[in-house]
Structures are given as C-alpha cells and as structure tokens.
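Topology and contacts: notes
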Amino acid sequence: MTDKKYCIQLAECDGNSKEVYSFDEVEIGTWVDGKPIYRKVISGTLTSNSGNSIVFASVSELNIERLINLYGNMIDKNNRAQITLQTSYDEPGKLVAAVNMFYDNADGSIYYHLLNNNGKYSGCTAYVVIEYTKK
C-alpha cells in the first residue's frame, strides 16, 4: 500500500460547455490572442435564388471583432435532404442547391447567396452557428 492519497473535488457547474449550441450567446473557449470565443445559433428563412447577396441576419449587437467560424444546416421543404452550410448539393445530372455565407464587418450582418434550382429550398429554415471574439 502506498502513502499517496487522492481527493475528488466537486465544482459548481455553470452550464457553459464547448458542446452547447444555443440561441443565447455561450462562451466556448479562448482564441490565440487570449480573448474569449463565443458561439450563438441564429435561425432564419432562405428565400428563392439570389443573384446578389441577401441579409440572413443582422448581428451588429454582438460586437464581433474576429469571425472564427460560420456554419450551419438546412432541410428542404419536403424533408428529403438535410444540407450543411456552406455547401453545394448535387443530384444526378443537376446542381440542386448552393449556399455560401459571409459576415460583413461594415454593417455587422451575415449575408448569403443561394442557387436554388427547382425551388426545393425556398422558404426553408436554416440554422447558422456563428463563433467569434468581441471588440
């Protein structure tokens, strides 16, 4: 038998975890410059085809300094396919959908472009996850 003793310490859990996805802002880690990284899920509706960029959501209130990650998912309105964002989705012989998103520093909005052949994605709900540091 050794003389070593081990203790288990209980700590209060505040509910924040790197695995939490929420419509509320959640601190999930630390960026390389030491600033906290935050995550927030935003939902919105995709319209029909867009030749120009369309605002998905204004997030200027988040005071984003650096966008770390921007991704998400959508389901076609017939619930046949789940698509991750940013993506191109191809069925045999035709490109069915393509979506790309970006954050605009100037106005604090997330924009998207959508190629939506056959209208399968018009009006579908997209859930976008944004991870960022603050100013």
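All of the points below concern the structure found in this document. Just so you know, these numbers come straight off a predicted model, no measurement behind them. (Residues numbered from 1 in each chain as written. Predicted model: local features only at pLDDT ≥ 70, side-chain atom pairs only at ≥ 80, totals over all residues. Heavy atoms only, no water.)

Describing the nonpolar core
Core analysis: the biggest nonpolar cluster contains 25 residues, and L46, F56, V59, M74, M101, I110 and I130 have the highest contact counts within it. Contributions of two or more residues to this core are made by β2 (36-45), β3 (54-58), β4 (64-75), β5 (82-85), β7 (94-104), β8 (109-116) and β9 (125-134). In terms of residues, this core owes the most to one element, β9, which gives four residues. Setting aside residues up to four positions removed in sequence, V59 forms contacts with I42, I64, Y103, G108, S109, I110 and I130. (Core = buried A, V, L, I, M, F, W, Y, C linked by side-chain atoms within 4.5 Å. Buried < 20%, exposed > 50% of the residue type's maximum accessible area, 1.4 Å probe, protein only. Helix = DSSP H or I, 4+ residues; strand = E, 2+ residues; numbered from the N terminus. Contact = heavy atoms within 4.5 Å.)

Comments concerning the sheet that holds β5
Taking strand neighbours across the sheet as the criterion, the five strands line up as β1-β2-β9-β4-β5 in an open arrangement whose pairing is antiparallel. Of all strands in the sheet, those bounded by a partner on one side alone are β1 (26-30) and β5. With direction set aside, neighbouring strand axes in the sheet form an average angle of 25°. Note that β4 and β5 share four bridges and pair antiparallel. Note that in β5 the partner of G72 across the bridge is L85. (Pairing = 2+ DSSP bridges. Axes fitted to C-alpha atoms, helices over the stretch in contact; angles between N-to-C directions.)

A short note on the pattern of salt bridges
On inspection of all chains with the given rule, the structure shows three salt bridges. E25 serves as the salt-bridge partner of K134, at 2.9 Å between the closest nitrogen and oxygen. Of the two residues, K134 sits in strand β9 while E25 sits in the segment before β1, which places them 109 residues apart along the sequence. The class for K134 is partly exposed, based on a relative accessible area of 28%. Between K35 and E65 there is a salt bridge; the shortest N-O distance is 2.6 Å. With a gap of 30 residues between them, K35 in the loop between β1 and β2 and E65 in strand β4 connect regions that are remote in the sequence. For K35, a relative accessible area of 27% translates into the label partly exposed. The class for E65 is partly exposed, based on a relative accessible area of 40%. (Salt bridge = Lys/Arg side-chain N within 4 Å of Asp/Glu carboxyl O.)

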